Amino acid sequence: MSQDPKNKPVDSTTPSQPPPSPPAKAAAPPAKKETEVPAFEKGLVSQIISRFGDDKIKVAYIRPLRMKVNVEPLDMVEVATFIRDNLGFDHAESVTGTDYPKDNQIEVIYQLGSYSKDDIAAHILSLTTRTSRDDALLPTLINVYRSAEYHERETFEMLGVYFEGHPRNERFLLPEDWADLPPLRKEFRIRGR
Amino acid sequence: MEKNLEHQIDESEKLGMQIVKESEDDRLMTLSVGPQHPGSGHFRFTIKVDGDYVVHCDPDPGYVHRGEEKMCEYRSFIQNIPHLERPVIHDSANITYSYSLAVEELVGIQVPRRGQFIRAIASELDRQIYTLYWLAIYGIFLGHSTMFMWPTGDRELFIDLMDALSGARVTHAFNIPGGVRNDIPDGFKDKCLRHISYFEKRLKEYEDIFYTNPLFIQRTEGVGILTKEDAIGLGVTGSVLRASGVPYDIRKAEPYDVYNEIDFKVQYMKSGDSLARAYVPLLDMKESCHIMRQLLDKMPESGEVRAKLQPTPKGPPGEAYRRVESGRGALGYYIVSDGSPKPYRVKISVGSFRNMIALPHLLVGSKLADMPSVYWSLNYWPVEADR
Amino acid sequence: MIKDLLNPTNFNLMVSKISDILVRALDEPLGYAINWGRIWSLWPVHLETACCSVEFGAASGPRYDVERFGIIEAFGSLRQCDLIVVQGTVNRKMAPRLRMVYDQMPEPKYVIAMGACAITGGLYVDSYNVLPGVDGIIPVDVYVPGCPPRPETLIQGTILLQEKIKRSKIK
């Protein structure tokens with residue numbers, strides 16, 4: 001928050017392409033108090049919203065260089081393909097899962113970055129989706145982003161999220177005889193703590 | 001002859017014997033390049049070879065998986081630093097740098113300027129230490145023992161500097177959220193400049209002796225070529241990416257701390273083979289010496305090095321994702337906080353894990369003898385990939 | 001007289017008395033010689049368990065030259081090594097492999113537990129995947145503390161091991 005404005009001066013994002021005028025409806029993120037929503041990032045997100053509609057895409061936050069967008073599991077592949085082909089985010093940096101037992105959901109985040117386009121080289125678009133804890137099932141994105149293969153496999157073994165279409169939903173880092181809960185779930189307590 | 005053979009087969013089948021035909025899989029031999037192996041480090045991968053060519057490769061990490069991410073949730077933000085630096089103990093300033101940046105964003109801390117410069121100096125020193133160790137182990141893999149001895153001796157210079165700075169040879173626990181632990185000692189700047197000038201001459205010698213060695217070139221040129229489209233699609237990072245023609249360096253693309261005031265060029269090569277992947281770290285080291293000189297020059301004479309903090313700082317609920325360019329590539333931290341002094345979720349995105357996907361891609365179709373050269377040139381540190 | 005000496009019982013007694021004297025005379029120097037040979041050529045297995053391997057690599061470098069003590073990382077098979085340096089954390093996936101490697105080594109074999117994680121689990125004692133110390137699976141001769149131990153500490157550990165070997169008797 002206090003660090004990011006310092007990065008702004010060298011940002012190569014002083015737009016070489018003028019951002020499209022955002023649609024008048026609710027592209028505005030929830031209750032930002034002091035800082036204004038940066039225009040370039042808002043333009044990127046509004047391209048997604050104008051393609052898919054406001055009901056399918058929920059914006060979590062738009063900050064300088066970081067954007068987070070939430071979609072339903074069924075729309076993941078479509079939105080990811082659009083982002084890759086039209087916006088230019090060409091690889092998935094990492095795939096993470098976070099366990100929220102209070103909402104009874106697991107949130108899986110794909111951090112997408114770009115190597116080929118210069119004006120979004122510093123940006124990370126987080127594409128997230130939520131699925132229920134008891135029956136965690138998601139479509140795989142390895143046909144869109146090849147780099148997500150091992151990351152999805154690790155998310156499977158650490159959190160128990162099954163990726164449909166992934167060739168190997170198997171153990172990766174844990175020992176072969178692991179017979180316990182997936183370790184990153186909140187009910188798995190480290191002994192003694 | 002043919003009819004005779006068929007007749008024999010018929011006869012034997014009548015007697016109840018079955019002729020077992022040689023199936024495809026019988027020709028393949030499965031090798032397990034395991035954790036106890038001079039050519040693999042703390043990592044295992046199984047390969048199937050057909051004669052001399054590799055047909056299938058399957059990495060099997062996890063031999064050093066210590067559950068870093070889970071352990072982070074049980075300790076406060078500052079208590080996390082010692083165990084978070086163990087994944088790469090010789091490059092520990094970078095892995096804690098990224099963590100500190102993310103925590104500062106979450107909690108809302110402003111780091112004093114002198115502290116930022118010292119952090120950047122420690123980061124560059126550790127980058128040299130890591131790259132020299134990588135070069136030394138590359139020498140072991142290729143059977144070139146001088147290439148092990150010289151870098152191991154030269155990195156002792158930089159380890160001495162980090163020892164004087166932080167008190168420990170490898171795991172410094174130097175970068176903390178808020179700045180650095182202590183100020184630089186007297187005489188550090190002169191010693192550092194002396195070591196850098198000595199090292200720049202040595203780098204020329206390395207290039208002349210190691211990189212123009214005809215055996216080295218024969219073993220690495222044209223081996224394991226990673227094209228630019230594949231490098232981007234597979235999402236590799238660091239020197240592997242820059243050796244395939246993509247000039248992407250986080251210090252240039254998304255400058256953090258004081259890197260926007262430093263003038264340097266991103267080193268990259270276009271060929272994408274093992275030789276390029278071995279060359280790019282050398283060029284990076286030369287550039288790093290250049291950066292260190294500028295940092296020592298521009299550092300403010302005096303000032304605070306650490307922001308004043310409570311023992312257990314906490315901030316509003318939120319999340320942060322910050323990245324740093326380490327010796328292996330982009331090291332990112334994704335931290336989620338729920339308002340308590342301990343993080344809710346910490347995800348470490350390391351360069352080694354992202355580069356692992358290039359290993360099956362490159363090994364399939366290449367010769368077995370090229371395996372050490374391809375594997376280690378991917379700049380893969382097993383302890384970090386397992387976290 | 002000679003006939004007396006050479007009858008079976010007396011001959012047996014004479015031979016056993018002479019061999020007794022021989023063994024007692026040669027036991028000390030022979031044992032010393034064999035131990036001397038063992039001490040100055042301890043060859044470690046190329047098995048790196050975790051992060052302390054970096055300090056072991058630095059110890060093999062020119063400054064802390066551990067080769068002068070005879071410790072050369074033999075690049076051949078582990079059937080010709082006699083020392084395992086457990087470098088760092090042993091986790092649940094690595095433990096069976098460590099035991100297999102230890103079993104395949106020929107006698108006499110020695111174990112150095114290097115680093116706090118190999119001694120008691122160290123910093124990672126409360127992780128879900130880490131063994132609290134390696135002496136539950138293999139018998140350890142020398143413990144070298146530190147996190148990671150400086151190369152000089154590792155050299156002190158090997159000197160302790162050498163003194164332990166010197167004191168052992170050869171059967």
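The structure we're discussing is the one just above.
First, a word on what this report is: a plain description of the structure on this page.

### Overview of the interface of chain B and chain C
Contact with chain B, which involves 28 residues of that partner, is made by 30 residues of chain C. Elements that contribute at least two residues to the side of chain B that touches chain C include exactly α3 (68-72), α4 (81-84), α6 (113-142) and α7 (146-166) of chain B. With four residues, α7 of chain B is the largest single contributor of residues to the side of chain B that touches chain C. Looking at the side of chain B that touches chain C, its residues break down into 12 nonpolar, 11 polar and five charged.

### Topic: the sheet that holds strand β1 (residues 83-87) of chain C
Residues and elements named next belong to chain C. Reading across from one edge, β1-β2-β3 is the order of the three strands in this open sheet, with parallel pairing throughout. Each end of this open sheet is capped by a strand with a single partner; those strands are β1 and β3 (142-144). Put simply, the sheet's adjacent strands are angled 20° from each other on average, direction ignored. Where β1 and strand β2 (residues 110-114) come together, five bridges link them in parallel fashion. Looking at the pairing, Leu83 lines up with Tyr110 of β2.

### Examining the interface of chain C and chain A
Every contact between the two is made by four residues of chain C and, on the other side, six residues of chain A. Residue classes in the side of chain C that touches chain A are distributed as one nonpolar, no polar and three charged.

### A word on the sheet that holds strand β8 (residues 345-349) of chain B
Residue and element names in this part refer to chain B. Judged by pairing direction, the sheet is antiparallel, and its three strands sit side by side in the order β6-β7-β8 without closing on themselves. Strands with a single pairing partner mark the edges of an open sheet, and in this sheet they are β6 (318-325) and β8. Averaged over neighbouring strand pairs, the angle between their axes works out to 10° when direction is ignored. Packed onto the sheet, helix α5 (residues 92-107) meets β6 and β7 (330-337) and runs at close to 150° relative to β6.

### Some thoughts on the environment of His37 of chain B
With respect to the helices, strands and loops of the structure, His37 of chain B is situated in the loop between β1 (29-33) and β2 (44-50). Between the C-alpha atom of His37 of chain B and that of Thr146 of chain B, which follows or precedes it by 109 residues, the distance is 21 Å.

### Regarding the packing of α7 of chain B against helix α8 (residues 188-209) of chain B
Residue and element names in this part refer to chain B. Relative orientation of the contacting elements α7 and α8 amounts to 165°, with a least axis distance of 10 Å. On the basis of their axis angle, the class for α7 and α8 is roughly antiparallel. In this structure, the crossing between α7 and α8 has a hand that is left-handed. Across the interface between the two elements, Asp154, Leu157, Phe158, Leu161, Ala164 and Leu165 of α7 pack against Phe188, Lys191, Cys192, His195, Phe199 and Arg202 of α8.

Scoring rules and cut-offs
The residue count restarts for each chain, going from 1 along the sequence in the order it is written. To label them, take the chains in the order written and letter them from A, then take the ligands in the order written and number them from 1. Local features in this predicted model are restricted to residues of pLDDT 70 or higher, and side-chain atom pairs are both shown and tallied only at a pLDDT of 80 or more, whereas totals for entire chains, interfaces and linings draw on every residue. Each residue is represented by a C-beta atom placed from its backbone, and any two residues with such atoms within 7 Å are regarded as in contact. Under the scheme used here, helices are H or I runs from DSSP no shorter than 4 residues and strands are E runs no shorter than 2 residues, and both carry numbers assigned from the N terminus. Note on residue classes: Ala, Val, Leu, Ile, Met, Phe, Trp, Tyr, Cys and Pro are nonpolar, Asp, Glu, Lys and Arg are charged, and everything else, Gly too, is polar. Each pair of strands is called paired provided DSSP finds at least two bridges between the two strands. The axes are straight lines fitted to the C-alpha atoms, using for helices just the contacting stretch, and the angles between their N-to-C directions are given from 0 to 180°. Any angle between 65 and 115 degrees counts as roughly perpendicular, while under 35 counts as roughly parallel, over 145 as roughly antiparallel, and the rest as oblique. A crossing counts as left-handed when the near helix is turned anticlockwise from the far one by less than a right angle, and as right-handed when that turn is clockwise.

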